[in-house]
Amino acid sequence: MFGSHLSVAGGMVNALTSATELGFDTVQVFTKNQRQWKAPALKDSEAREWLSGLKDRGWERRTVSHATYLMNCASPDADLFKKSAAMLIEELNRCAALSIPFLVAHPGSHLGEGVEKGAARIGKAAAEAFRKGAGVAGAFRVTLCLENTAGGGATMGRTFEELALVKQAIDDASQGDADGRVGFCVDTCHALAAGYDLRGGTPPKAAGAGRARQREACRAVLNEFDRVCGLGLLRVLHLNDSKGALGSRLDRHTHLGMGEVGLGAFQEIVSDARLRDVPMILETPKEDDEKGRAWDTVNLGVLRRLAKG
Ligand SMILES: [Zn+2]
Ligand SMILES: [Zn+2]
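Position numbers for residues count from 1 along each chain, tracking the sequence in the order it is written. All chains are assigned letters beginning with A, and all ligands numbers beginning with 1, in the order in which they are written. Totals for whole chains, interfaces and linings use all residues, but because this is a predicted model, local features are given only for residues with pLDDT of at least 70 and pairs of side-chain atoms are given and counted only at 80 or more. For the side-chain quantities, the full set of heavy atoms in the structure was used; hydrogens and water were omitted.

1. Side note on the pattern of salt bridges
Salt bridges are defined by distance alone: a side-chain nitrogen of Lys or Arg within 4 Å of a carboxyl oxygen of Asp or Glu. As enumerated under the stated definition, the model contains 14 salt bridges in all. Here R121 makes a salt bridge to E113, at a shortest N to O gap of 2.7 Å. Of the charged contacts in the structure, one is a salt bridge between R274 and D272, with a shortest N-O distance of 2.8 Å. It is possible to trace a salt-bridge network through shared partners that takes in E128, R131 and K132.

2. A closer look at the coordination of the zinc ion (ligand 2)
Around the zinc ion (ligand 2), the donor atoms from the protein are H190 (NE2), D251 (OD), D251 (OD) and H253 (NE2), and they sit 2.0 to 2.7 Å away. With water excluded from the atoms, a metal site may look incomplete; its donors are any N, O or S atoms within 2.8 Å, or within 3.2 Å for Na, K and Ca. In these descriptions, tetrahedral denotes four donors with every angle between 85 and 135 degrees, square planar four donors and octahedral six donors with opposite donors over 155 degrees apart and the rest between 65 and 115, and irregular any other case. Considering all four donor atoms around the zinc ion (ligand 2), the spread of angles at the metal, 52 to 137 degrees, places the coordination shape in the irregular class. One chain supplies every donor for the zinc ion (ligand 2), spaced along it as H-x60-D-x1-H.

3. Re the packing of aromatic side chains
To describe a pair of aromatic rings, one takes the distance between the centres and the angle between the planes. Pairing of aromatic side chains here covers Phe, Tyr and the six-membered ring of Trp, requires ring centres within 6.5 Å, and sorts the geometry by plane angle: under 30 degrees stacked, over 60 edge-to-face, intermediate tilted. Inspection of every chain in the model, using the stated rule, returns four aromatic pairs. Where F160 meets Y196, the ring centres are 4.1 Å apart and the plane angle is 15 degrees; that geometry is what we call stacked. In this pair, F160 sits in helix α5 (residues 160-174) while Y196 sits in the loop between α6 (188-193) and α7 (211-228), placing the two residues 36 residues apart along the sequence. When the ring of F184 is compared with that of F225, the centres are 5.8 Å apart and the planes differ by 90 degrees; the resulting orientation is edge-to-face. Taken together, the positions of F184 in strand β8 (residues 182-187) and F225 in helix α7 put the pair 41 residues apart, joining distant regions of the chain. Summarising the burial analysis for this pair, F184 and F225 share the class buried. What links up through ring pairs into an aromatic cluster is the set F160, F184, Y196 and F225. The side chain of R57 reaches across the aromatic face of W59, ending 5.8 Å from its centre. Helix numbers and strand numbers start at the N terminus; a helix is a DSSP run of H or I with at least 4 residues, a strand a run of E with at least 2. Summary of the burial criterion: residues with accessible area below 20% of their type's maximum are buried, those above 50% are exposed, and those between are partly exposed, where the area comes from a 1.4 Å probe applied to protein chains only. Ring-over charges, as used throughout, are those where CZ of Arg or NZ of Lys falls within 6 Å of the ring centre and within 35 degrees of the ring normal.

4. Considerations on the side chain of D187
Here D187 is to be found in strand β8. Positive residues here are Lys and Arg, negative ones are Asp and Glu, while His and the chain termini are left out of the count. Of the side chains with opposite charge, R252 comes closest to the buried, unpaired D187, at an N-O distance of 12 Å. N or O atoms within 3.5 Å of each other form a polar contact, as long as, within protein, one can give a hydrogen and the other can take it, and as long as residues adjacent in sequence are counted only when both atoms are side-chain atoms. A distance of 2.9 Å separates a polar side-chain atom of D187 from the backbone nitrogen of C189. Those residues in contact with D187 that sit more than four places away from it in its chain are E147, N148, H238, N240, H253 and E283. The criterion used for residue contact is that any of the two residues' heavy atoms lie within 4.5 Å.

Next up, the structure:
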């Protein structure tokens, strides 16, 4: 199940149209402008078009929304926390209105107050959202997917342990209201930049880098994730190569096979039977390559070739 983060300019449904044209099986979108707090209400006609587009494609249980980058439920600033908690409710409700099962969100930044306090604040915000029934439409429930980060500054989610801690804080604060609605998203670029060695010591372009060793290293990281967070709770993958070096904490995405992650990791991920039902989303740069082909098409071709072995 391969997808890409695509633009909703001109209407939500345009992302579905582009995804189909590019040959994807799913898509990730922003359901509101990701750089603004205020968002006009979702128009009924826009939601209807999107829903019928989903139905036409049989994509009802697989699309992904990415929450706005402004949201920081870990913030010790009371005003920012309040706005972020309200935004989480809005984001969950938009997903519910659009039948998008997965809302990916970065945990946020504790701004120096420490991981424990940050996690407790996120717990409070999410518990409030769940208590109010945000992200619920009939029997449909949106899953909040906590994404790992490259970990610059006081950013939370650099380690799998921090992700697990945030989930635990949400579960504790929710007292049952979370009801299995918290999962995870792993981004390969962020993982490598955060220090998870997905290629077995040797940078992909250096002499001695081998596909088998890369795959083994990636498998070890996935197993580590399984031990700490549980692969059953991994609901979304972001497949991005990394311009930043191992442990650099730089969040710079690049095309598959052109960065520090290397193709072995991607081959391992697309071959792992445990990940068969997980939407795998590209968040790589969008311009055309030197031959005039859309980079999304080029990266999708790489994934398809790797999946075939
Ligand atoms: Zn990502
Ligand atoms: Zn990123």
